[in-house]
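A structural walkthrough
Here are the chains, one letter per residue:
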Amino acid sequence: MIAILKQGVTKQERDNLIKWFKNQNVDVHVSEGEYQTILGLIGDTSVFNTDFIENIDIVESVKRVSEPFKNANRKFHPDDTVINTCGLKIGGGNFQYMAGPCSVESEEQIIEVAKAVKASGANILRGGAFKPRTSPYAFQGMGKDGLDLLLLAKKETGMPIVTEIMNANHIQLFEDVDIIQVGARNMQNFELLKELGRIRKPILLKRGLANTMQELLMSAEYILAGGNEEVILCERGIRTFETYTRNTLDLAAVPKLKELSHLPVIVDPSHATGYRNLVKPMAMAAVACGSDGLMIEVHNDPAHALCDGAQSLTPDAFTDVVNACENIRKVL
Ligand code: PEP
Ligand code: MN
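Quick caveat, the model's predicted, so the values are computed rather than measured.

1. Focus on the site of ligand 1
Neighbouring ligand 1 are the residues Arg 126, Lys 131, Pro 132, Glu 164, Gln 181, Gly 183, Ala 184, Arg 185, Lys 206, Arg 236, His 271 and Glu 297. Between ligand 1 and Lys 206 there is a distance of 2.9 Å, counted from an oxygen atom to a side-chain nitrogen or oxygen. Against a free-state accessible area of 300 Å², the protein chains account for coverage of 97% of ligand 1. In the shell around ligand 1, the residues fall into two nonpolar, three polar and seven charged.

Shown next, in the form of structure tokens:
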């Protein structure tokens, strides 16, 4: 349920109403927009009679929110959420390029790729240190050493870093990481999501391999419910019957998620397609349909990449993608 307050309501009047709601065991999320203040009520709101609340003198109107996601719901928070990482903004009209290798492989590799993607126009460096691999025999990532190398690359280039967490016990290791990624395979690792709700750092939440938009929003809700309001959603393709692409990029999810939620939405055309020749057209399409950013895999030597070489762009190809996307952004 949401209660929209009348204009000109004093802080004291508002706080009294919040206290009254809290006394009846509901949690109150306050969204203060430019023109209106909205109280979002979370909990068992069936005890409230809408007519009764609408008749409170400082309340303009009341609506029931039928969706199970509350904090993530645009009805609770009509303005776009804008994430700020090291002074870079994502969402609310701010667009960012995240780029880098699938996995951190060595100091030379990550520094070289970091410098290259920065020169091409990327502003956030990606790179996996803890890798979720289908095979236990495949390269599992460099772990803590990989995180240290990402931090070194950040120092060398000034770019904030985004990297994946797989285990809640590792949160302390991620203290200096700017954006923590939850990968598709962990989108419904609810214990991990709860722990990430307790910290105050942006979380990039990727859509699961076979998850609906509502399930993605419910996973975001776990993080938001813990008090961490900085969640970025990422569409990275879902599994369908198609086999010519690694996944099927669900671009309609971008405008739909932005309609349902105030959270920024970015697109990963690399994992979505699995092939480097499909990355540019899908990146351009993602920009055109309103994505707040892109995450793209770039490797200095894709043929010898330890992970996801087939979908990795060379730095030159990445420059071409950024230029094409910038042209689309100008048209928009
Ligand atoms: C990744 O970004 O490296 C990754 C493993 O992506 P996803 O979780 O989308 O498969
Ligand atoms: Mn990858």
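2. Concerning the pairing of strand E9 (residues 161-165)
In terms of burial, E9 is a largely internal element, five of the five residues being buried. Looking at chain direction, strand E8 (residues 124-126) and E9 are connected through two bridges and run parallel. Paired with Leu 125 across the bridge in E9 is Ile 161. In this view, the connection linking E8 to its parallel neighbour E9 by way of helix H4 (residues 144-157) has right-handed handedness.

3. With respect to empty space enclosed by the protein
Within the structure shown, the criterion is met by one cavity of 30 Å³ or more. Size it by volume and the largest cavity reaches roughly 30 Å³. Along its surface, the largest cavity is lined by Arg 126, Gly 127, Gly 128, Lys 131, Val 162, Thr 163, Glu 164 and Gln 181. When residues in the lining of the largest cavity are grouped by element, the largest group, three residues, is from E9. When grouped by side-chain class, the residues that make up the lining of the largest cavity number one nonpolar, four polar and three charged.

4. With respect to helix H1 (residues 11-22)
Taking 1.5 Å of rise per residue, the 12 residues of H1 would be expected to cover 16 Å, and the 16 Å separating its terminal C-alpha atoms lies within 8% of that figure. Among the residues of H1, those classed as buried are Arg 14, Leu 17, Ile 18 and Phe 21. With its buried residues spanning 100° around the axis, H1 presents them on a single face. In H1, the exposed positions that point more than 90 degrees away from the buried face belong to Gln 12 and Lys 19.

5. Remarks on the pattern of salt bridges
Enumeration over the complete set of coordinates arrives at 19 salt bridges. We note a salt bridge from Arg 14 to Glu 32, for which the minimum N-O separation is 3.0 Å. One end of the pair, Arg 14, is in helix H1; the other, Glu 32, is in strand E2 (residues 27-32), with 18 residues separating them in the sequence. Here Arg 14 falls in the buried class, since its relative accessible area comes to 15%.

6. Some points on the coordination of the manganese ion (ligand 2)
Looking at the manganese ion (ligand 2), the protein donor atoms are Cys 102 (SG), His 271 (NE2), Glu 297 (OE) and Asp 308 (OD), and they sit 2.0 to 2.4 Å from it. Binding-site remark: the manganese ion (ligand 2) is held by donors from one chain whose sequence spacing is C-x168-H-x25-E-x10-D. Of this pair, Cys 102 sits in the loop between strand E7 (96-100) and helix H3 (107-120) while Glu 297 sits in strand E14 (residues 293-297), and the two are 195 residues apart along the sequence. Each member of the pair, Cys 102 as well as Glu 297, is classed as buried.

7. Focus on unusual backbone geometry
Although it is not a glycine, Cys 86 adopts a positive phi angle of roughly 50°. Relative to the helices and strands, Cys 86 is located in the loop between strand E5 (83-85) and strand E6 (88-90). Here the phi dihedral of Asp 308 falls at roughly 60°; this positive angle occurs in a residue that is not glycine.

Reading the values: rules and limits
Residues numbered from 1 in each chain as written. Chains lettered and ligands numbered in written order. Predicted model: local features only at pLDDT ≥ 70, side-chain atom pairs only at ≥ 80, totals over all residues. Heavy atoms only, no water. Near = heavy atom within 4 Å. Polar contact = N/O pair within 3.5 Å; in protein donor to acceptor, adjacent residues only side chain to side chain. Areas by Shrake-Rupley, 256 points an atom, 1.4 Å probe, with all protein chains shown as cover. Nonpolar A, V, L, I, M, F, W, Y, C, P; charged D, E, K, R; others polar. Buried < 20%, exposed > 50% of the residue type's maximum accessible area, 1.4 Å probe, protein only. Helix = DSSP H or I, 4+ residues; strand = E, 2+ residues; numbered from the N terminus. Pairing = 2+ DSSP bridges. Right-handed = clockwise from strand over helix to strand, strands pointing away. 1 Å grid on protein atoms, 1.4 Å probe; cavity = no way out; pocket = protein on both sides within 12 Å on 5 of 7 lines; lining within 4 Å. Points joined across faces, edges and corners; volume = space filled by probe spheres on them. Expected span 1.5 Å × (residues − 1). Arc of directions from axis to C-beta. Salt bridge = Lys/Arg side-chain N within 4 Å of Asp/Glu carboxyl O. Donors = N, O, S within 2.8 Å, 3.2 Å for Na, K, Ca; no water.

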